[in-house]
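Observations on chain architecture
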Amino acid sequence: MTRVGVFSDSHGDHDALEWLLEKMGYIDAACFLGDVASDAAHLRGLLAKMPNEPPLYAVRGNNDFASTLPDELLIELGGTRIYMTHGHLCHGLMNLSYRAREQGAQIAMFGHTHEAFYQYAHGVWLLNPGSAGNYCRGGRARAMLLTLGGKTPAVQDVKL
């Protein structure tokens, strides 16, 4: 089984990122779906201190104006192809699903809305971890722990 921490839209809340990562426990990799890129760098530093030094895969969001992170990324973890994007450039879940399928992905990860979402639609699993920042829209910080390797991907909502 491959355990993946999925984060998005932390908007500068480094404390929440640390607490969410700690709450997840052991992970094999982490994905950051944008907003803001400096938080991805902070998360990379936290991962480097873990005994297994999990890799970080990151894309930029609509608030990452000067970032050199890509707008989209296609990765493979635990034998599963995953399409990553922030979501602001891909209008609607159907378009997101089709873009992921064009890339041969079984999962499409996105952020931007700050709303947690996990559903199978149009031939792919759609996953949005919500906002990993306590300051966003007055809600509690949250992320998702994705477990790969079973028949279907399993998701656990991680909240502070």
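Use the structure listed above.
A brief report on the enclosed structure follows. (Residues numbered from 1 in each chain as written. Predicted model: local features only at pLDDT ≥ 70, side-chain atom pairs only at ≥ 80, totals over all residues. Heavy atoms only, no water.)

Considering the nonpolar core
Grouped together as the largest cluster of nonpolar side chains are 22 residues, with contacts concentrated most on Phe7, Leu21, Ile27, Leu43 and Leu47. Those elements that place two or more of their residues in this core are α1 (14-24), β2 (29-32), α2 (37-48), β3 (56-58) and β9 (142-148). Among the elements that take part in this core, α1 stands out by supplying 5 residues, more than any other. In contact with leucine 47, other than residues within four places in its own chain, are Leu21, Ile27, Ala30, Glu53, Pro54, Pro55 and Leu56. (Core = buried A, V, L, I, M, F, W, Y, C linked by side-chain atoms within 4.5 Å. Buried < 20%, exposed > 50% of the residue type's maximum accessible area, 1.4 Å probe, protein only. Helix = DSSP H or I, 4+ residues; strand = E, 2+ residues; numbered from the N terminus. Contact = heavy atoms within 4.5 Å.)

Focus: the pairing of β9
Along any regular strand the residues' side chains alternate between the sheet's two faces. With 6 of its 7 residues buried, β9 lies for the most part within the structure. As paired elements, strand β1 (residues 2-7) and β9 share 5 bridges and run antiparallel to each other. Paired with arginine 3 across the strands is threonine 147, a residue of β9. Looking at chain direction, β9 and strand β10 (residues 154-159) are connected through 6 bridges and run antiparallel. Bridge pairing in β10 links arginine 142 to lysine 159. Hairpin remark: β9 followed by β10, antiparallel, with 5 residues in the connecting loop; positive phi at glycine 149, about 125°. (Pairing = 2+ DSSP bridges.)

Side note on the pairing of strand β8 (residues 124-129)
Extensive coverage of β8 is indicated by the burial of 5 of its 6 residues. Where strand β6 (residues 107-109) lies against β8, 3 bridges are found, and the strand directions are parallel. If you follow alanine 108 over to β8, its bridge partner there is leucine 126. Pairing of strand β7 (residues 116-121) with β8 involves 6 bridges; the strand directions are antiparallel. Among the inter-strand pairings, alanine 121 is bridged to a residue of β8, identified as valine 124. Where β7 folds back onto β8 in an antiparallel hairpin, the turn is made up of 2 residues, including histidine 122, whose phi is positive at roughly 55°.

Structural notes on α1
Those residues of α1 that fall on the buried side of the exposure criterion are Ala16, Leu17, Leu20, Leu21 and Met24. Each buried residue of α1 lies within a common arc of 130° when the element is viewed along its axis, so the set occupies one face. Every exposed residue of α1 that faces more than 90 degrees away from the buried side is listed here: Glu22 and Lys23. Its buried side turned inward, α1 meets β1, α2, β9 and β10. Two residues or fewer after α1 comes glycine 25, characterised by a positive phi angle close to 75°. (Arc of directions from axis to C-beta.)

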